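Structure at a glance
Take a look at the letters that make up each chain.
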Protein chains: 2
Amino acid sequence: MAKTGDKPRVIIVGAGFGGLAVARQLVGKDVEVVLIDRSNHHLFQPLLYQVATADLSPAEIAWPIRSIFSHTPNVSVFLGEVTGIDLAGKSIIARDHRVEFDYLVLSTGAATSYFGHDDWEKVAPGLKNIGEATEIRKRLLLAFERAENAENEETRQQFMNFVVVGGGPTGVEMAGAIAELAKQALSHDFRRIDPRDARIILAEGAPRLLGAFPEDLSEYTRQSLEKLGVEVILNQPVSDITPQGVRIGDDFIQSANVIWAAGVKVDHMADWTGAKTDRGGRVEVTPDLAIPGYPDAFVIGDAAHVAWRDGLTVPGIAPAAKQMGKYVGKRILDRIKGNNTPPFTYKHAGNLATIGRHRAVIDFNGFKLKGVLAWWVWGLAHIYFLIGIRAPALVLVQWAWSYIFRKKGARLITGPVEPDPEKTDVHRPL
Amino acid sequence: MAKTGDKPRVIIVGAGFGGLAVARQLVGKDVEVVLIDRSNHHLFQPLLYQVATADLSPAEIAWPIRSIFSHTPNVSVFLGEVTGIDLAGKSIIARDHRVEFDYLVLSTGAATSYFGHDDWEKVAPGLKNIGEATEIRKRLLLAFERAENAENEETRQQFMNFVVVGGGPTGVEMAGAIAELAKQALSHDFRRIDPRDARIILAEGAPRLLGAFPEDLSEYTRQSLEKLGVEVILNQPVSDITPQGVRIGDDFIQSANVIWAAGVKVDHMADWTGAKTDRGGRVEVTPDLAIPGYPDAFVIGDAAHVAWRDGLTVPGIAPAAKQMGKYVGKRILDRIKGNNTPPFTYKHAGNLATIGRHRAVIDFNGFKLKGVLAWWVWGLAHIYFLIGIRAPALVLVQWAWSYIFRKKGARLITGPVEPDPEKTDVHRPL
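Predicted, not measured: the structure shown is a model, and the values here were computed from it. (Residues numbered from 1 in each chain as written. Chains lettered and ligands numbered in written order. Predicted model: local features only at pLDDT ≥ 70, side-chain atom pairs only at ≥ 80, totals over all residues. Heavy atoms only, no water.)

1. Considerations on the overall build of chain A
- Broken down by element type, chain A carries 12 helices and 25 strands.
- Out of the 430 residues belonging to chain A, those deemed buried represent 58%.
- Within chain A, contacts between residues separated by at least 24 positions form 64% of all contacts whose residues are at least 6 apart in sequence. (Helix = DSSP H or I, 4+ residues; strand = E, 2+ residues; numbered from the N terminus. Buried < 20%, exposed > 50% of the residue type's maximum accessible area, 1.4 Å probe, protein only. Contact = heavy atoms within 4.5 Å.)

If you want it as structure tokens, here you go:
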């Protein structure tokens, strides 16, 4: 589609935290904003693990992108998939169509990385979108059903062993939530198995959990998880994942339920931009977050490699994407007016991770907090963040309500149930 | 599985309204209750159309069956599929397993019937379970996305034409809710189409909508739907459904969105019971709801043909299933004790149907109600019914909250997006 009208057109690819922040900056300005995403909803990814563990429903953490921009006529939303970029020709390619832009923002986020073992994906799903979250939810819930129906102790235990690979915030949160599912929510629901017998294993190759946090919080996290009933294995790399289980160090743990929370990668950026990318596939952007040589094309969020402090790069977390988006929105307006913009600087608010429903760890640039108080701060921080997406207080209250009062209320097995690898027929009663 | 222990074993197949009511009657009694269902959740089917039209999330109308019987040790719940019955041998067959019973209750409900045109199913899904409801939701929402991306007016209109086949309560409710989706919830969300231009057509072969209601309420329903923007076509049979549209009477209406709400049938009963079934596949049961010749095996709910009044049979609605379930629970206890039980009598509370969010029609055995007041009665009746399933008031309040305040909040397109029949690429932006 060629441009019509006089307004500069800004194309934003990806409606995550970064893309939304750009669009927000440009609402009501003298630009035509085109926001393209593969899915029709913005996802509040920090709470995605709660869909996977049946705490929340998808609609409680995802909002139609269109509804966010219902009343902002200069923003158009398109459900579509970008397949290529022509930076020199100032256009994007979506299948066999070409769409021209004056300014481009790539905020396409990150995908799950299996570090070269793509065959593990089918056995050990990652957690990046609603589809994967409901798939994991289905597997977790079916595992207990299959254990209840199992014919012998070995099969039963295989279904009752849950292995989470990766000890970052997502892995810690998943392991804690699965422990609560097994040891608390389901504890009275079965007659032939006791869900409290489930083994929940969290495997991390590094010497400690939550590597981005101070060491004492890592240790506190390990202890808290163990109190919830999680076995934490540190310092042992995962070397194989099969339908039968996981090889961790020298041990093979029988398990039909492996969840991958170990790594992310950025797709397409080298191809699309021709720019230098780091090992994770992130574009090494200029100080104003542009693609080198293309001052009107920007990369933000998880897809951008931005230098920070102590040799680190800006972390792939929601507040960072939001800050970059806000900056690029302003930067585009400045360029239109011919103004300069100071380089982007990242303000790190802190690191948060929750451990089950009543404990969390927080590191606010050295000010550390842990336990129940940290959990409340974690909750408030998320509510504050949610307000940024959906103003209506009603939605917010409903969300808080759901999370606080509805314990594992979304325990639905939906979608096709495939025969499981061990041929234990879930459809066989008794 | 052979029986162990002395207690009589009652197997209940199907955890709908009827099956749950039987199990409830037997909680804490001196019997072993085995409740088997193909899915892990009890579904509040009267509100299923609200999942299809993005008003409610699946978890708001479905509850894990296990959680309902967490604290009732004499009730076991199994996820499983029954594949046959051996009445003479007093056992059920689930795949290659055989499970013995002393008493059996079949409460397996009804399936969608295409009146011999099973090829229509793929084009025009019915509405019987969560999977079908989210499939319809996806199709409805994608239709608008595809219309927005369409290249010409003809394709656009095809995606903007919605046809609901069948003018019973489900068809009326679907048509009203789709009209509200298009004309209200989505009205500001698109830039190239105006969702208010959508045509919503409700096709009924009989001379009036809601055939079970008094004529003046049928007429009121038609007028109310027309006010919401629904075109009601009466007296015209649907003779063909293809990916391009629907033939209604002599007209062919181009439409990529056809929803089937026209008929139900009962599967398996003739095979399983050997008993006489009616045209709809329902078992003609004895006055105590047993299978003729097998006084310990009962059929209840949609699967049972039970004479009522004026030559009619007891309707396939939730309150009827619940009454039958309660009766059969008592009947089993009476048989164990050697007591007689008076024959089952159906108490008809009334017929309800809602027309969008603010109107309903109610017929309480001749006492008629319509409009806003009827809508509130409809809402209260459903809340009352919900209390019967899940006691906790919190869940109830949350449900009411969701429905009253969260307008079309569950507008999520999830699951794989297949290429559409017209080759309009939904993934192509602009």
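2. Regarding the UniProt feature "domain: FAD/NAD(P)-binding" (unreviewed entry) in chain A
- Here, UniProt's "domain: FAD/NAD(P)-binding" (unreviewed entry) annotation points to residues 9-325 of chain A.
- As annotated, residues 9-325 of chain A comprises 30% helix and 26% strand, and the C-alpha atoms at either end are separated by 17 Å. (UniProt positions renumbered as here; feature names shortened; annotations may be inferred.)

3. So, the sheet that holds strand β21 (residues 294-299) of chain B
Residues and elements named next belong to chain B.
- Across the sheet, which stays open at both edges, the 6 strands sit in the order β5-β2-β1-β9-β21-β20 with mixed pairing between neighbours. Whereas interior strands pair on both sides, the edge strands pair on one side only; in this sheet they are β5 (75-79) and β20 (290-291).
- Relative to β21, β20 runs antiparallel, the two being bridged by 2 bridges. Note on β21: the bridge partner recorded for A290 is F298. (Pairing = 2+ DSSP bridges.)

4. Remarks on unusual backbone geometry
Residue and element names in this part refer to chain A.
- Backbone geometry places K90, a non-glycine residue, at a positive phi of 50°.
- You can see K90 is positioned in the loop between β6 (84-86) and β7 (91-94).
- In this structure K90 comes out as partly exposed when scored by relative accessible area, which is 28%.
- Here L289, not a glycine, exhibits a phi torsion of approximately 70°, which is positive.
- Among the structural elements, L289 can be located in the loop between β19 (283-284) and β20 (290-291).

5. What about the side chain of R331 of chain A?
- Relative to the helices and strands, R331 of chain A resides in helix α10 (residues 318-337).
- With a relative accessible area of 10%, R331 of chain A lands in the buried category.

6. A look at helix α6 (residues 153-160) of chain B
- Residues of α6 of chain B that are buried: T155, R156, Q158, F159 and M160 of chain B.
- Where the residues of α6 of chain B are buried, they touch α5 (130-149), β11 (161-165), β12 (199-203), β16 (251-254) and β17 (257-260) of chain B.

7. Focus on the pairing of strand β17 (residues 257-260) of chain A
Residues and elements named next belong to chain A.
- Side chains of β17 alternate between two faces, with N257 and I259 and V258 and W260 buried alike.
- Bridging between strand β11 (residues 161-165) and β17 involves 4 bridges; their strand directions are parallel. When the sheet's bridge partners are listed, V163 is paired in β17 with V258.

8. What to know about the packing of aromatic side chains
Residues and elements named next belong to chain A.
- Per the counting criterion, the structure on display carries 24 aromatic pairs over all chains.
- Judged by centre distance (6.4 Å) and plane angle (85°), the rings of F44 and W63 are edge-to-face. Of the two residues, F44 is situated in the loop between β3 (41-43) and α2 (48-52) and W63 in strand β4 (residues 62-64); the sequence distance between them amounts to 19 residues. Like F44, the residue W63 is buried in the burial classification.
- Centroid distance W120 to W260: 5.6 Å. Interplanar angle 65°. Geometry classified as edge-to-face. With W120 in helix α4 (residues 120-123) and W260 in strand β17, this residue pair connects regions lying 140 residues apart in the sequence. This pair shows no difference in class: W120 is buried, exactly as W260 is. (Phe/Tyr/Trp six-rings, centres within 6.5 Å; stacked < 30°, edge-to-face > 60°.)

9. Focus on the pattern of salt bridges
- This structure, assessed with the given rule, holds 36 salt bridges over all chains.
- Put simply, D267 of chain B and K265 of chain B hold a salt bridge, and the shortest N to O gap is 4.0 Å.
- Residue K265 of chain B is classed as partly exposed on the basis of its relative accessible area of 30%.
- Notably, a salt bridge pairs D288 of chain B with R331 of chain B, separated by 2.7 Å at the nearest N-O pair. Of this pair, D288 of chain B sits in the loop between β19 (283-284) and β20 while R331 of chain B sits in helix α10 (residues 318-337), placing them 43 residues apart in sequence. Neither residue differs from the other here; D288 of chain B and R331 of chain B are each classed as buried.
- What you see here is one network of salt bridges that share partners, running through K90, D296 and R335 of chain A. (Salt bridge = Lys/Arg side-chain N within 4 Å of Asp/Glu carboxyl O.)

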